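Residue-level structural notes
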Amino acid sequence: MIKVGIIGASGYTGGELLRFLKNHPEIDIVAATSRQFKGESIHKVHPHLRDLEMKFEDIKSDEIDADLVFTATPHGASMKIVPELVENGMKVIDLSGDYRFDNIGTYEKLYGYKHSHPLNAVYGLPEINRELIKNADLVANPGCYPTGAILACLPIVSENIVDTIVIDSKSGVSGAGVKPSESTHYPNCSDSISPYAVTTHRHGPEIMEKLNKFGKARVSFTPHLVPVIRGIMTTVHSFITEDVSPEYVRELYNDFYAGEPFVRVLDKGEVPRLSSVRGSNFCHIGCFDIDDNGRLVVASSIDNLVKGASGQAVHNMNLMFGFKETESIDMVGLHP
């Protein structure tokens, strides 16, 4: 049994962490922090967690006594608390963007913060860094868009059969976080689809940095907001440089992800759906069609709050402590 704390437990990702950890047989949740909701019962903010008899606390990071701490804190805030946690002997999984980049300069340019406490972190995508995660003290949980996009691109980039990739991703409104804004106000986002940061989204360089470790391809990324609560549907348009068939590409993906507990490569004629992965830690990948212009289309679907955030964070925790990889996160999606 290990002791776990969650800093920033009142947001969507904090709620999902609590949902998964609540029934984890190896976990004792010792702290769930929130300044805004100090003293409130967890279920007052997360009504689905009524059986979790805990209250939010407002305690400093140096007052937490835990084996592992999840920092579900805003970009720019994690860097102020993560170093102290690590220095105090705790393992940390950070869900912000503060430790995702190898190049600190790239982070500072994209996020607009001077990084005050750089540390070496392992990028927490288990499908590529499983062994490194097992021995890590600090894991940087990937962004939600990069998770679906990288998994959809890895096999073809690794095999060096494409040279140009255009990633079109569509995310549910929960990806913007619990605090409402003009763009997420119901009348503004319902019955509508809106592209945003069409060439400048900070997740584009994150995707490219990680893919470039496996092969070279030009990568362009554009996100869209769609009127659903959960999920990211990513459609990858890439241009092949070799004469390959859709069947070859599908087998390439089957081989690449053989044995991966949370990646499902779909059969011919099947397409990824948001409802198939909703509430789950699975990534579904499918399509694999090639048109007359040599354009290969691959699509993936994930739940942005689970595989794109908290479920993946728990997967990383399971690896870090030698637990069963799928413990507490092996539920299937909620279709319909």
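Notes on the structure follow. All residue numbers here refer to positions counted from 1 along the written sequence of the relevant chain. With pLDDT at 70 or above as the cut-off, local features in this predicted model cover only qualifying residues; side-chain atom pairs require 80 or more to be listed or tallied, and sums for whole chains, interfaces and linings still use all residues. The basis for the side-chain values is all heavy atoms of the structure; hydrogens and waters are excluded.

For the rest of this paragraph, the subject is the overall build of the protein chain. Put simply, DSSP marks the helices as runs of H or I at least four residues long and the strands as runs of E at least two long, and each gets a number from the N terminus on. Looking only at helices and strands, the protein chain has eleven helices and 13 strands in total. The C-alpha atoms of the protein chain give 19 Å as radius of gyration, which agrees with the globular expectation for 336 residues (20 Å, within 12%). The proportion of buried residues among the 336 residues of the protein chain is 54%. Contacts are assigned to residue pairs that have any heavy atoms within 4.5 Å of one another. Considering only residue pairs separated by 6 or more positions, the protein chain has 70% of its internal contacts joining residues 24 or more positions apart. For the protein chain, the distance from the average position of its 32 positive side-chain charges to the average position of its 43 negative side-chain charges is 5 Å. The globule rule is 2.2 Å times the number of residues to the power 0.38, and the radius of gyration it is compared with is taken over C-alpha atoms. Buried means the residue's accessible area, taken with a 1.4 Å probe over protein chains only, is under 20% of the maximum for its type, while exposed means over 50%, and partly exposed covers the values in between. Positive charge is attributed to Lys and Arg, negative charge to Asp and Glu, and no charge count is given to His or to the chain ends. A charged residue contributes its charge at one atom only: NZ of Lys, CZ of Arg, CG of Asp or CD of Glu.

As a further point, take the packing of aromatic side chains. Within 6.5 Å between ring centres, the rings of Phe, Tyr and Trp (the latter by its six-membered ring) count as paired, and their orientation is classed by plane angle as stacked under 30 degrees, edge-to-face over 60, tilted in between. For the coordinates displayed, the defined rule picks out nine aromatic pairs. Between F262 and F282, the aromatic rings sit 5.5 Å apart at their centres with planes inclined by 65 degrees, giving edge-to-face as the arrangement. Highlighted residues: F262 in the loop between α9 (246-256) and β11 (263-265) and F282 in the loop between α10 (274-277) and β12 (283-290), separated in sequence by 20 residues. With a centroid separation of 6.0 Å and an interplanar angle of 20 degrees, the aromatic rings of F321 and F323 are classed as stacked. Given a relative accessible area of 24%, F321 falls into the partly exposed group. Here the aromatic residues Y253, F256, Y257 and F288 are joined through ring pairs into a cluster of three or more. Lysine and arginine charges are scored as sitting over a ring when NZ or CZ, respectively, is within 6 Å of the ring centre and within 35 degrees of the ring normal. A cation sits over an aromatic face here: R202 above Y111, 4.1 Å from the ring centre. When the ring centre of Y123 is taken as reference, the NZ or CZ atom of K210 above it lies at 4.4 Å.

At least two bridges found by DSSP between two strands are what make those strands a pair. Pairing within the open sheet is mixed, and its seven strands lie in the order β8-β9-β7-β10-β13-β12-β11. What marks the edges here is a single partner per strand, and that holds for β8 (194-195) and β11. Across nine bridges, the pairing between strand β7 (residues 162-171) and strand β10 (residues 232-240) is antiparallel. Bridge assignment links T164 to a residue of β10, and that residue is F239.

What follows covers the pattern of salt bridges. Side chains that carry opposite charge are capable of pairing whenever their charged atoms lie near each other. Take a side-chain nitrogen of Lys or Arg and a carboxyl oxygen of Asp or Glu: if they are within 4 Å of each other, that pair is a salt bridge. A complete count under the given rule lists 17 salt bridges for this structure. We note a salt bridge from K114 to E108, for which the minimum N-O separation is 3.9 Å. What makes K114 exposed here is its relative accessible area of 67%. Taking the relative accessible area as the measure of exposure, E108 reaches 22% and is therefore partly exposed. Note that E131 and K134 form a salt bridge whose closest N and O atoms lie 3.1 Å from each other. Here K134 and E131 lie together in helix α5 (residues 126-134), a separation of three residues that amounts to about one turn. The network of salt bridges with common partners includes E16, R19, R230 and D303.

Our focus in this paragraph is a negative patch on the surface. The grouping of D58, D62, E63, E84 and E87 at the surface amounts to a negative patch. Its place among the elements puts E63 in the loop between α2 (42-45) and β3 (68-71). Each patch is built from residues that are more than 30% exposed by relative accessible area and take part in no salt bridge. Like charges join if they lie within 9 Å; nonpolar side chains (Val, Leu, Ile, Met, Phe, Trp, Tyr) join within 5 Å. The Shrake-Rupley method, run with a 1.4 Å probe sphere, supplies the accessible areas, and residue values consider only the shown protein chains as cover.

Moving on, we get to the pairing of β3. Burial of β3 is two-sided: the residues L68 and F70 facing one way and the residues V69 and T71 facing the other way are all buried. Note that β3 and strand β4 (residues 91-94) share four bridges and pair parallel. Looking across to β4, one finds that V69 is bridged to V92. The path from the first strand over the helix to the second decides the hand: if it runs clockwise while the strands point away from the viewer, the crossover is right-handed. Handedness of the crossover joining β3 and β4 through helix α3 (residues 78-87): right-handed.

A few words now on helix α8 (residues 203-211). Here α8 lies mainly inside the structure; seven of its nine residues are buried. The complete set of buried residues in α8 reads H203, G204, E206, I207, E209, K210 and L211. Along its buried surface, α8 packs onto α4 (104-111), β5 (122-123), α6 (144-158), β7 and β9 (218-225).

This paragraph deals with the environment of P146. If you trace the backbone, P146 turns up in helix α6. Its relative accessible area of 0% is what places P146 among the buried residues. Taking C-alpha positions, P146 is 32 Å from D58, a pair spaced 88 residues apart along the chain.

A few words now on the sheet that holds β5. Pairing in this open sheet of six strands is parallel, and the strands run β2-β1-β3-β4-β6-β5 from one edge to the other. Two strands lie at the open edges of the sheet, namely β2 (27-33) and β5, each paired on one side alone.

On to unusual backbone geometry, then. The peptide bond linking H335 to P336 adopts the cis configuration, its omega dihedral lying at 5 degrees. Here P336 lies in the segment after α11 (306-320). Positive phi, close to 60 degrees, is recorded for N160, a residue that is not glycine. Within the secondary structure layout, N160 lies in the loop between α6 and β7. The phi angle at A197 is positive, at roughly 40 degrees, despite the residue not being glycine. Within the secondary structure layout, A197 lies in the loop between β8 and α8.

Remember that the coordinates give geometry; whether it matters functionally is a separate question.
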